[in-house]
Amino acid sequence: QVQLVESGGGLVQAGGSLRLSCAASGRTFSSYTMGWFRQAPGKEREFVASISGGGRYTDYGNSVKGRFIISRDNNKNTAYLQANSLKPEDTAVYYCAAAPDWGRRSPSGYPEWGQGTQVTVSS
């Protein structure tokens, strides 16, 4: 098991940037695929990005491709989401999650979740 804690959310103007962090406990962080999801009020949880355990492979949802960058530092047990060129429609609670293997985009494929961090983008 791994415990996840997100940070870095906040209020930003459209066009701005935020860097979200996901700190993980446990000694096996590098064995997990890390994912970022988001959920806006009244909407389903949406896949944002994922990164493989070693960081070699990344995947992005269509709505953020080219604007967001996922990364990880296994020495620090931390995953990151650099969100650039933010739009009001990016407003949501952002969650990090951990999965035992690569290639999952569905929230049901991620057994471990953080508590979420709010991102609000003003127009």
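Nothing here was measured: the structure is a model prediction, and the numbers come from that model. (Residues numbered from 1 in each chain as written. Predicted model: local features only at pLDDT ≥ 70, side-chain atom pairs only at ≥ 80, totals over all residues. Heavy atoms only, no water.)

Peer 1: Tell me what's going on with the state of the cysteines, and back it up with residues and numbers.
Peer 2: A complete count under the given rule lists one disulfide for this structure. Residue Cys22 pairs covalently with Cys96 via a disulfide, S to S 2.0 Å. Sign of the S-S torsion, about 55° for the bond between Cys22 and Cys96, identifies this disulfide as right-handed. With Cys22 in strand β3 (residues 18-24) and Cys96 in strand β9 (residues 92-99), this pair connects stretches of sequence that are 74 residues apart. The exposure class of Cys22 is buried, given its relative accessible area of 0%. (Disulfide = S-S within 2.5 Å. Helix = DSSP H or I, 4+ residues; strand = E, 2+ residues; numbered from the N terminus. Buried < 20%, exposed > 50% of the residue type's maximum accessible area, 1.4 Å probe, protein only.)

Peer 1: Please set out the sheet that holds strand β7 (residues 68-73) residue by residue, giving values where relevant.
Peer 2: Across the sheet, which stays open at both edges, the four strands sit in the order β1-β3-β8-β7 with antiparallel pairing between neighbours. Looking at strand neighbours, the two that pair on one side only are β1 (4-7) and β7, the edges of this open sheet. Within this sheet the neighbouring strands show an average axis-to-axis angle of 15°, counted without direction. (Pairing = 2+ DSSP bridges. Axes fitted to C-alpha atoms, helices over the stretch in contact; angles between N-to-C directions.)

Peer 1: Account for the pairing of strand β11 (residues 117-122), naming residues and giving values.
Peer 2: Residue alternation in β11 divides its side chains into a buried set, Thr117, Val119 and Val121, and an unburied set, Gln118, Thr120 and Ser122. Across four bridges, the pairing between strand β2 (residues 10-13) and β11 is parallel. The residue bridging Val12 from the neighbouring strand is Val121, located in β11. Relative to β11, β9 runs antiparallel, the two sharing three bridges. Within β11, the position partnered with Val93 by the bridge is Gln118.

Peer 1: I'd like a rundown of the pattern of salt bridges, residues and numbers included.
Peer 2: This model, assessed by the stated rule, comprises five salt bridges. The partner of Arg38 in a salt bridge is Asp90, and the shortest N-O contact between them spans 2.8 Å. Here Arg38, found in strand β4 (residues 33-39), pairs with Asp90, found in the loop between β8 (78-83) and β9; they are 52 residues apart in sequence, far enough to count as distant. Like Arg38, the residue Asp90 is buried in the burial classification. Note that Asp101 and Arg104 form a salt bridge whose closest N and O atoms lie 2.5 Å from each other. The class of Arg104 is partly exposed, set by a relative accessible area of 25%. Three or more residues joined by partner-sharing salt bridges are found here, namely Arg38, Glu46, Arg67 and Asp90. (Salt bridge = Lys/Arg side-chain N within 4 Å of Asp/Glu carboxyl O.)

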